[in-house]
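# Observations on the three-dimensional arrangement
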Amino acid sequence: MAHCMPGLNPQRTFYPKVPISTFSTPSIFSFRTKNSKFKNFSTTVLAMADWKQHQDRQPLSLDALINGARKEEFMGPIKKTLPNCLSETNLHLTVPGLKSKTRGKVRDIYDNGDYLVLVTTDRQSAFDRILASIPFKGQVLNETSLWWFNKTEHITPNAIVAAPDENVTIATKCSVFPVEFVVRGFVTGSTDTSLWTVYKKGIRNYCGNVLPEGMVKNQKLPTNILTPTTKAADHDVPVTPDEIINSGLMTQADYEEVSKKALSLFQYGQHVAQEHGLILVDTKYEFGKGRDGSIFLIDEVHTPDSSRYWIASSYEERFQNGLEPENIDKEFLRLWFKDHCNPYEDKVLPDAPEELVSELSWR
């Protein structure tokens, strides 16, 4: 793979544990359970339940995450998996009925006519390119998304049909809106499109939002805002609602409906995160339209890859002292690359250290 770490993460072919011979038959629905339409994603649920019990006893802290007893329990399997991450899949070569493969930054997507088979790999992207492969990342993302898809059906329907493997989701094919709905609650970030990057340049009207003067990095916004982006070549481009509608990317009715859903999802996500000792800082959503005209939530929801999470208990004190918030997302990996190269312009990037990759996997 062009940008993955060949020394740490050689390509591995993915073979599903559940035979996926064809998805054009009613057998696809056999993956549903009585209480949920998703496969048992026990790893994520048990982890969240365990941390919820921990939170009931004492505030969640980054120190407990970094130095707790559970870390050593997980670091062994993480380091053993470093040479064998799920960096590439080729199901279309072995599974009948899969017509084609599209390789995204993180997901390999296979077309089966009415359905899509999405394999969430361990590839780690930032700065619009692949930085590394992170052990178990794909499973964490897939199962976390499934948990959130299930929890947010009261806000919006989603395209999920089944989850036959920890890294695999089967979804109804949709016409995907060519817009990512980024929702932000704080002025922060290090990428070119992050809110703090544009704010410190003096921009006060961003994606149709008027930003107040005098804000500082990591400060909470007066209200959550939408900063949508669309694709141009290989990078994200911020756009305003008027630009989205006038260019024909979405109709006004569709944009208004999706915007409302995105803000409601984020507000709910912040509430759930707060219950678990976290702050959901920002995230991005993607939506598509089904054949009947219904709008569905797709892709991923509130994962540590699509979202920024801070530790709630230490945020205020660290903010007042001008310190960076304690985080459990990929921001520290972004910062490492910015310190060691130009991730936007350098053709070849340095390999991330094994310890950094393992730490990100644990977080």
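This text gives an overview of the structure that appears in the document.

What counts as what
Residues numbered from 1 in each chain as written. Predicted model: local features only at pLDDT ≥ 70, side-chain atom pairs only at ≥ 80, totals over all residues. Heavy atoms only, no water. Helix = DSSP H or I, 4+ residues; strand = E, 2+ residues; numbered from the N terminus. Buried < 20%, exposed > 50% of the residue type's maximum accessible area, 1.4 Å probe, protein only. Areas by Shrake-Rupley, 256 points an atom, 1.4 Å probe, with all protein chains shown as cover. Polar contact = N/O pair within 3.5 Å; in protein donor to acceptor, adjacent residues only side chain to side chain. Contact = heavy atoms within 4.5 Å. Pairing = 2+ DSSP bridges. Axes fitted to C-alpha atoms, helices over the stretch in contact; angles between N-to-C directions. Expected span 1.5 Å × (residues − 1). Core = buried A, V, L, I, M, F, W, Y, C linked by side-chain atoms within 4.5 Å. Parallel < 35°, antiparallel > 145°, perpendicular 65-115°, else oblique. Left-handed = near helix turned anticlockwise from the far one by under 90°. Nonpolar A, V, L, I, M, F, W, Y, C, P; charged D, E, K, R; others polar. Phe/Tyr/Trp six-rings, centres within 6.5 Å; stacked < 30°, edge-to-face > 60°.

### A short note on the overall build of the protein
Across its full length, the protein carries 10 helices and 17 strands. Looking at the protein as a whole, 53% of its 363 residues are labelled buried. For the protein, the exposed surface amounts to about 16,700 Å²; the carbon and sulfur share of it is 52%.

### Quick word on the side chain of Ser 259
Tracing the backbone shows Ser 259 in helix H7 (residues 252-275). At a separation of 2.7 Å, a polar atom in the side chain of Ser 259 contacts the main-chain carbonyl oxygen of Tyr 255. Contact partners of Ser 259, with chain neighbours within four places excluded, come to Phe 181 and Leu 226.

### Description of the sheet that holds strand S2 (residues 107-111)
Strand order in the open sheet formed by five strands is S1-S2-S3-S7-S6, and the pairing between neighbours is antiparallel. Two strands bound the open sheet, and with one partner strand each, they are strand S1 (100-103) and strand S6 (160-165). In this sheet, neighbouring strand axes are inclined to one another by 25 degrees on average, regardless of whether the strands run parallel or antiparallel. Here five bridges tie S2 to strand S3 (residues 115-120), and the two strands are oriented antiparallel to one another. Looking at the pairing, Arg 107 lines up with Thr 120 of S3. Strands S2, S3, S6 and strand S7 (168-172) of the sheet are contacted by helix H4 (residues 137-151), whose axis makes an angle of about 145 degrees with S6.

### Things to note about H4
Along an α-helix, residues three or four positions apart point the same way, because every turn accommodates 3.6 residues. For H4, which comprises 15 residues, the first-to-last C-alpha distance of 21 Å matches the rise-based estimate of 21 Å (1.5 Å per residue) to within 8%. Taken across its 15 residues, H4 has 12 buried, putting it largely inside the fold. For H4, the full list of buried residues reads Lys 137, Gly 138, Gln 139, Leu 141, Asn 142, Glu 143, Thr 144, Ser 145, Leu 146, Trp 147, Trp 148 and Phe 149.

### As for unusual backbone geometry
Located in the positive-phi region is Cys 207, a residue other than glycine, with phi close to 55 degrees. Assignment of secondary structure puts Cys 207 in the loop between strand S10 (205-206) and strand S11 (209-210). Positioned with a positive phi, His 302 is a non-glycine residue whose angle comes to about 55 degrees. Residue position: His 302 is located in the loop between strand S16 (295-298) and strand S17 (307-311).

### Examining the nonpolar core
In terms of nonpolar packing, the biggest core is built from 35 residues, with Phe 181, Met 250, Tyr 285 and Phe 287 touching the most fellow members. Breaking this core down by element, the ones donating at least two residues are helix H2 (62-67), H4, S6, strand S9 (181-187), H7, strand S15 (278-289), S16 and S17. Among the elements that take part in this core, H7 stands out by supplying seven residues, more than any other. Those residues in contact with Met 250 that sit more than four places away from it in its chain are Phe 177, Val 179, Phe 181, Ile 244, Ile 245, Tyr 255 and Val 258. Membership of the second largest hydrophobic core comes to 16 residues, among which are Leu 82, Phe 127, Trp 336 and Cys 341.

### Brief notes about the packing of H4 against H7
Axis angle and axis distance: for two packed helices, these are the angle between their axes and the distance between the axes, and together they describe the pair. Here H4 crosses H7 at 115 degrees, and the two axes come no closer than 12 Å. Here H4 lies roughly perpendicular to H7, going by the angle between them. H7 is crossed by H4, and the crossing has right-handed handedness. Together, Trp 147, Trp 148 and Lys 151 of H4 and Tyr 268, Gly 269 and Val 272 of H7 make up the contact between the two elements. Residue classes in the contact of H4 with H7 are distributed as four nonpolar, one polar and one charged.

### Some details on the packing of aromatic side chains
Scanning all chains against the criterion turns up 12 aromatic pairs. An angle of 85 degrees between the planes, with centres 5.2 Å apart, marks the rings of Phe 127 and Tyr 344 as edge-to-face. One end of the pair, Phe 127, is in the loop between strand S4 (123-126) and strand S5 (129-133); the other, Tyr 344, is in the loop between helix H9 (331-340) and helix H10 (354-362), with 217 residues separating them in the sequence. Relative to Phe 287, the ring of Phe 181 has its centre 6.0 Å away and its plane inclined at 90 degrees; by these criteria the two rings are edge-to-face. Here the residue Phe 181 occupies a position in strand S9, and Phe 287 occupies one in strand S15, the gap between them amounting to 106 residues.

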